[in-house]
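In case you want the letters, here they are:
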Amino acid sequence: MAVLPFRPTPFFENKNQAFWNLQLMGWGGSALLRAMSAFANGQELQFFFVILIATITGFSISLILSVIYNHLIKQKPLLTWGGTAVVLTVAVGLYAFIDSWVLDLTRPTSETGFVRLFIGIYFFDLTLLGAWSALYYAINFFLQVEEQSDRLERLEAQATSAQLAMLRYQLNPHFLFNTLNSISTLVLLKQTEPANAMLTRLSSFLRHTLVTQPGGKVTVAQEVETLQLYLSIERMRFEDRLRTDFRVEERAAKAQIPSMLLQPLIENAIKYGVSPLEEGAQISLLAQIVGPRLRITVSDTGPGVDVSGVADDLPAVMATHKRRDSTGVGLANIRDRLAQAYGDDHRFEIRSPESGGFTVLIEIPHELADEEEPLAAGRATGTAKPATALSVNPPDAPQKVSTKP
């Protein structure tokens with residue numbers, strides 16, 4: 001998996017330019033401080049010439065040190081710090097020798113010997129180049145840590161995206177096998193027209209799902225439109241036994257949710273709510289904004305649920321109706337996707353009252369979609385419907401659209 005390139009902080013975006021900026025500011029500041037100190041102590045004019053030479057010498061030696069340090073920093077710690085100590089000792093000795101020699105030339109009448117002058121200047125230059133060396137390593141280690149942290153965050157984001165893609169792709173074969181099995185049954189019964197219509201609608205549904213990214217998000221309105229395509233396939237199997245009532249508030253229609261989040265809930269409601277009952281059942285979906293959060297409720301009027309039929313770690317309020325022999329894969333999948341996308345900042349509950357029926361409640365942070373981005377549903381079907389409160393009916397029935405404030 002490719003890792004996106006490291007994007008450093010703005011100042012270090014161009015490391016070469018940042019190095020020269022720091023060099024000029026650092027050595028320029030050092031020269032200015034020494035010049036101000038000399039002026040305050042009433043030094044002669046020629047002493048400013050000594051400061052200029054010392055600054056140029058230090059600047060040049062630091063350039064050589066930067067090349068050596070750049071090689072040492074990539075070595076093992078023992079070699080890095082041992083080599084740095086040796087190189088710094090030699091560099092300070094050279095720097096102090098040049099400073100002492102220039103100062104001795106400008107003050108031939110001074111009673112201070114060269115050796116004493118060299119020792120005095122050596123500790124001053126050691127402080128100067130030592131500070132420069134410490135700053136060089138500190139900045140480079142900071143950039144390395146920042147790069148590793150940035151790379152780790154990108155790897156974690158890519159791992160999360162891959163996990164979300166895996167969880168979503170897990171749903172598609174299950175639905176596809178069921179639909180292909182229905183088409184096969186229609187073909188065996190020589191009902192070619194319904195089989196052809198189901199194939200056409202299956203093709204539209206799969207084309208629609210391919211538009212969105214596996215780990216991406218869509219608006220609730222887009223998700224409902226995807227469900228309409230899915231339901232148009234299932235209604236060919238169940239006809240009047242499958243009844244739906246989808247109500248989406250206008251504000252909720254513009255909110256974002258992970259793509260294909262609700263399809264497995266509708267699929268479970270059909271499989272375990274509509275299919276077992278001769279009279280069928282009604283599937284309801286309600287999407288609304290409650291404070292700063294989006295609440296989505298999917299329910300059906302089918303049988304209840306047996307607590308042993310659902311994974312133990314799923315939060316639920318259940319009765320003990322003998323309704324379904326579900327493995328809970330779809331519900332666990334949705335729970336994992338919500339955990340990947342929102343961490344602990346979500347609510348996922350399952351309810352089954354004594355009177356029967358089954359309800360799943362999802363509550364997530366209210367996130368608005370980018371209104372300038374064209375709707376994925378519009379790209380898939382050629383039209384982009386406005387976000388309105390709506391009730392979903394069979395494709396052949398007139399659709400009721402009502403706007404709520």
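Residues numbered from 1 in each chain as written. Predicted model: local features only at pLDDT ≥ 70, side-chain atom pairs only at ≥ 80, totals over all residues. Heavy atoms only, no water.

Trainee: Hey, could you run me through the overall build of the protein chain in this one?
Mentor: When its secondary structure is counted, the protein chain shows ten helices and ten strands. Counting only residues that meet the buried cut, the protein chain has 42% of its 405 residues in that class. Contacts in the protein chain between residues at least 24 apart in sequence constitute 71% of all its contacts with a sequence separation of at least 6. (Helix = DSSP H or I, 4+ residues; strand = E, 2+ residues; numbered from the N terminus. Buried < 20%, exposed > 50% of the residue type's maximum accessible area, 1.4 Å probe, protein only. Contact = heavy atoms within 4.5 Å.)

Trainee: How should the packing of aromatic side chains be read in this particular structure?
Mentor: A ring pair, where both rings are aromatic, is described by two values, the distance of the centres and the angle of the planes. Applying the stated criterion across every chain, the model contains 13 aromatic pairs. With a centroid separation of 6.5 Å and an interplanar angle of 75°, the aromatic rings of Trp27 and Tyr95 are classed as edge-to-face. In this pair, Trp27 sits in helix H1 (residues 15-40) while Tyr95 sits in helix H3 (residues 77-106), placing the two residues 68 residues apart along the sequence. Residue Trp27 is classed as buried on the basis of its relative accessible area, which comes to 6%. (Phe/Tyr/Trp six-rings, centres within 6.5 Å; stacked < 30°, edge-to-face > 60°.)

Trainee: Looking at this structure, I do not really get the pairing of strand S4 (residues 281-290). What am I missing?
Mentor: Where a strand is regular, its side chains alternate between the two sheet faces. S4 sits mainly inside the fold: seven of its ten residues count as buried. Summarising the sheet, strand S2 (residues 242-248) and S4 pair through seven bridges and their orientation is parallel. Bridged to Thr244 within S4 is Ile283. Summarising the sheet, S4 and strand S5 (residues 293-300) pair through eight bridges and their orientation is antiparallel. The residue of S5 that forms the bridge with Ile289 is Leu294. Connecting S4 to the next strand, S5, in antiparallel fashion are two residues, including Gly291 with a positive phi near 65°. (Pairing = 2+ DSSP bridges.)

Trainee: Would you explain the nonpolar core in this entry?
Mentor: Where a protein is soluble and globular, its nonpolar side chains tend to be buried together. Among the nonpolar cores identified, the biggest contains 48 residues, and Leu262, Ile266, Leu285, Leu294 and Ile362 are the most heavily contacted of them. Per-element accounting of this core gives the leading share, eight residues, to helix H6 (residues 220-238). The next biggest cluster of nonpolar side chains, apart from the first, holds 27 residues, and it includes Ala54, Ile61, Leu72 and Leu117. (Core = buried A, V, L, I, M, F, W, Y, C linked by side-chain atoms within 4.5 Å.)

Trainee: Where do I start with the pairing of strand S8 (residues 358-365) in this structure?
Mentor: For S8, the buried fraction is high: eight of the eight residues fall into the buried class. Relative to S8, S5 runs antiparallel, the two being bridged by eight bridges. Following the sheet pairing, Ile296 is matched in S8 by Ile362. As paired strands, strand S7 (residues 347-352) and S8 are joined by five bridges and run antiparallel to one another. The partner of Ile350 across the bridge, within S8, is Val360.

Trainee: How do you make sense of the side chain of Ser284 when you look at a structure like this?
Mentor: Locating Ser284 in the fold gives a position in strand S4. Its relative accessible area of 19% is what places Ser284 among the buried residues. Here Gln282 takes part through its side chain, which lies 3.5 Å from a polar atom of the side chain of Ser284. (Polar contact = N/O pair within 3.5 Å; in protein donor to acceptor, adjacent residues only side chain to side chain.)

Trainee: Please explain the pattern of salt bridges as it appears in this structure.
Mentor: A pair can form between side chains of opposite charge whenever their charged atoms are brought close. In this structure the tally under the stated criterion is nine salt bridges. Two residues, Asp245 and Arg247, come together in a salt bridge whose shortest N-O distance is 3.3 Å. Classification of Arg247 as partly exposed rests on a relative accessible area of 39%. Notably, a salt bridge pairs Glu363 with Arg295, separated by 2.8 Å at the nearest N-O pair. Of this pair, Glu363 sits in strand S8 while Arg295 sits in strand S5; the two residues are 68 residues apart in sequence, bridging distant segments of the chain. The partly exposed category is assigned to Arg295, whose relative accessible area is 22%. Within this structure, Arg293, Arg295, Asp345, Arg347, Glu349, Arg351 and Glu363 form a network of salt bridges that share partners. (Salt bridge = Lys/Arg side-chain N within 4 Å of Asp/Glu carboxyl O.)

Trainee: Can you walk me through the environment of Phe48 in this structure?
Mentor: Tracing the backbone through its elements, the reader meets Phe48 in helix H2 (residues 45-72). Exposure remark for Phe48: the relative accessible area of 27% places this residue in the partly exposed category. Taking C-alpha positions, Phe48 is 7.6 Å from Ala38, a pair spaced ten residues apart along the chain.

Trainee: Is there a simple way to explain the packing of H2 against H3 in this structure?
Mentor: How two helices pack is summed up by the angle between their axes together with the distance between the axes. With their axes 10 Å apart at the nearest point, H2 and H3 run at an angle of 165° to one another. Accordingly, the angle class assigned to the pair H2 and H3 is roughly antiparallel. Crossing handedness for the pair H2 and H3: right-handed. Partitioning the contact of H2 with H3 into residue classes produces 18 nonpolar, eight polar and one charged. (Axes fitted to C-alpha atoms, helices over the stretch in contact; angles between N-to-C directions. Parallel < 35°, antiparallel > 145°, perpendicular 65-115°, else oblique. Left-handed = near helix turned anticlockwise from the far one by under 90°. Nonpolar A, V, L, I, M, F, W, Y, C, P; charged D, E, K, R; others polar.)

Trainee: Mind showing me how you'd approach the confidence of the model for the protein chain here?
Mentor: A low pLDDT score tells you not to read the predicted coordinates there in detail. In this model, the protein chain carries a mean pLDDT of 76, and residues with pLDDT of at least 70 account for 73%. The low-confidence segment residues 316-325, where pLDDT is below 50, has 41 contacts with residues more than four positions distant or belonging to other chains. A low-confidence stretch, residues 371-405 stays under pLDDT 50, and its non-local contacts, those more than four residues away or across chains, total 69 contacts. (pLDDT = per-residue confidence, 0-100.)

Trainee: Could you clarify how one ought to interpret unusual backbone geometry in this entry?
Mentor: Working note: non-glycine residues mostly have negative phi, and peptide bonds are mostly trans. Positive phi, close to 50°, is recorded for Glu239, a residue that is not glycine. Tracing the sequence through the fold places Glu239 in the loop between H6 and S2. With a phi close to 60°, Met260 is a non-glycine residue in the positive phi region. Here Met260 shows up in the loop between strand S3 (256-258) and helix H8 (263-274). Note on Met260: relative accessible area 4%, which makes it buried.

Trainee: Can you help me understand H1 in this one?
Mentor: For the α-helix, the turn length of 3.6 residues means that residues three or four positions removed from each other point alike. With 26 residues, H1 extends 37 Å from end C-alpha to end C-alpha; this agrees with the ideal 38 Å at 1.5 Å per step. Following H1 by one or two positions, Gly42 has its phi on the positive side, about 70°. (Expected span 1.5 Å × (residues − 1).)

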